Amino acid sequence: MGLPNLFKIKKSYLKSGLLDGMTDIHCHLLPGVDDGIKTYEDAVKTLHWLKEKGVCRMYLTPHVMSDLRKNTRTYLTEQFDAFIKRLNEEKVEDIPELKPGAEYMLEAAFEKHREEGLLAYADRHVLVETSYMLPPAGFTRILETLMEDGYSPVLAHPERYRYMEDRDYRYLKNQGVLFQLNYLSLTGAYGQYAKEKGTKLLKNGYYDYAGSDFHRLKRHENSFATKILTKKQRLALKGLFENNNQLWQEAKNE
């Protein structure tokens, strides 16, 4: 019997060790502000679970879009501060370190948020998204304006955008747009289309960062345990998670 091909042995995120000491840059765990975690109690339960699985640092990135009119920089900062205050008052331990962020929908209302000032990683990298089916009007110009303002746009889960083709990804990368993989896309958590495209984009080296896009514990538990990752994928993801850690460190050093 020959030796097993180590490059073909698949592991889950939990068994791979990738989550140990990880920084997550995309999640919806700030309670009660969007379609993510709804209650303080569920947020604490989820944070305990994630810390147990190895996640050490998290940017909380609620949706900012026209459907959620309250979600301005000021309001979300107040909600984040109130959440942290309660965690401290109740002496909640064994959870990841937390920082505020946001995921901005690129749409007509985005210009108002840009004028107000954006919640960004290290005051520079801004997490943005679009509709899955169609790009916003003036898509590339919006990104150019962000970069002219000194921001580095990070496009969330580009593997999920059905309107994008290979030439679109190449163009955006050449323009300096950074890509963030929903790493659970590789497990099929967002359907076969996102799985196949995410696998291809990862293989071709398009991604800069990776995040969970965590909304609810029940939705993600099975995906964390699915044996899907090849050795090549694990090596690529390790580099993305190292980039996540660097974002956190940049903010810490300011």
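Every value quoted in this text rests on a predicted model; they were computed, and no experiment measured them. (Residues numbered from 1 in each chain as written. Predicted model: local features only at pLDDT ≥ 70, side-chain atom pairs only at ≥ 80, totals over all residues. Heavy atoms only, no water.)

A. Quick look at the overall build of the chain. Helices and strands together make up the secondary structure of the chain, namely nine helices and nine strands. Scaling as 2.2 N^0.38, a compact globule of 254 residues should have a C-alpha radius of gyration of about 18 Å, and the chain matches this with 18 Å. In terms of its C-alpha atoms, the chain occupies a principal-axis envelope of roughly 65 × 50 × 35 Å. Counting the 254 residues in the chain, one finds 52% classified as buried. Long-range contacts, defined here as pairs at least 24 residues apart, represent 80% of the contacts in the chain between residues at least 6 apart. (Helix = DSSP H or I, 4+ residues; strand = E, 2+ residues; numbered from the N terminus. Rg over C-alpha atoms; globule rule 2.2 N^0.38 Å. Buried < 20%, exposed > 50% of the residue type's maximum accessible area, 1.4 Å probe, protein only. Contact = heavy atoms within 4.5 Å.)

B. Examining the side chain of glutamate 129 more closely. Here glutamate 129 is to be found in strand E6 (residues 125–129). Buried charge without a salt bridge: glutamate 129, with arginine 160 as the nearest opposite-charge side chain at an N-O distance of 6.6 Å. (Lys, Arg positive; Asp, Glu negative; His and termini not counted. Salt bridge = Lys/Arg side-chain N within 4 Å of Asp/Glu carboxyl O.)

C. Broad picture of the side chain of histidine 28. Looking at where histidine 28 falls in the secondary structure, it is placed in the loop between strand E1 (22–24) and helix H2 (40–52). You can call histidine 28 buried: its relative accessible area is 1%. Apart from the residues within four sequence positions on either side, histidine 28 is in contact with Asp34, Gly36, Ile37, Thr61, Pro62, His63, Glu103, Asp213, Phe214 and His215.

D. Molecular detail of the packing of H2 against helix H3 (residues 73–89). For the pair H2 and H3, the least separation of the axes is 12 Å and the interaxial angle reads 70 degrees. The angle between the axes of H2 and H3 places the two elements in the roughly perpendicular class. The segment H2 lies against H3, with Tyr40, Glu41, Ala43, Val44 and Leu47 engaging Phe83, Arg86 and Leu87. Looking at the contact of H2 with H3, its residues break down into six nonpolar, no polar and two charged. (Axes fitted to C-alpha atoms, helices over the stretch in contact; angles between N-to-C directions. Parallel < 35°, antiparallel > 145°, perpendicular 65-115°, else oblique. Nonpolar A, V, L, I, M, F, W, Y, C, P; charged D, E, K, R; others polar.)

E. H2, seen in detail. Its 13 residues place the ends of H2 18 Å apart at the C-alpha level, agreeing with the 18 Å of an ideal helix rising 1.5 Å per residue. Structurally, H2 contributes buried residues whose contacts are with strand E2 (55–60), H3, strand E4 (97–100) and helix H8 (217–225). Directly after H2, the chain includes glycine 54, whose backbone phi takes a positive value near 120 degrees. (Expected span 1.5 Å × (residues − 1).)

F. Geometry of the sheet that holds strand E7 (residues 152–156). Ordered in space as E3-E5-E6-E7-E8-E9, the six strands form an open sheet in which the pairing is parallel. Two strands bound the open sheet, and with one partner strand each, they are strand E3 (63–64) and strand E9 (209–211). Here three bridges tie strand E5 (residues 103–105) to E6, and the two strands are oriented parallel to one another. Note on E6: the bridge partner recorded for tyrosine 104 is valine 128. (Pairing = 2+ DSSP bridges.)

G. Here's a closer look at the environment of tryptophan 49. Residue position: tryptophan 49 is located in helix H2. Among the residues examined, tryptophan 49 registers a relative accessible area of 14% and is labelled buried. Residues tryptophan 49 and asparagine 71, 22 residues apart in the sequence, show an inter-C-alpha distance of 27 Å. Apart from residues no more than four positions distant in its own chain, tryptophan 49 is found in contact with Phe214, Leu217, Glu221 and Phe224.

H. Just the pattern of salt bridges, in detail. Enumeration over the complete set of coordinates arrives at twelve salt bridges. Among the ionic pairs, glutamate 90 bridges to arginine 86, the shortest N-O distance being 2.9 Å. Under the relative-accessibility criterion, arginine 86 is labelled partly exposed at 34%. One salt bridge connects arginine 141 with glutamate 148, and the closest N-O pair in it is separated by 3.0 Å. The exposure class assigned to arginine 141 is partly exposed, which follows from its relative accessible area of 41%.

I. Structural detail: the environment of leucine 30. For leucine 30, the position within the fold is in the loop between E1 and H2. The exposure class of leucine 30 is buried, given its relative accessible area of 4%. With 191 residues separating them along the chain, leucine 30 and glutamate 221 place their C-alpha atoms 19 Å apart. Setting aside residues up to four positions removed in sequence, leucine 30 forms contacts with Ile37, Leu60, Pro62, Leu76, Gln79, Phe80 and Phe83.

J. Region of interest: the sheet that holds E1. Strand order in the open sheet made by the three strands is E1-E2-E4, with parallel pairing throughout. This sheet does not close on itself; its edge strands, each paired only once, are E1 and E4. Neighbour-to-neighbour, the strand axes of this sheet turn through a mean angle of 15 degrees, independent of strand direction. The pairing of E2 with E4 spans four bridges and is classified as parallel. Within E4, the residue paired with tyrosine 59 across the bridge is lysine 99.

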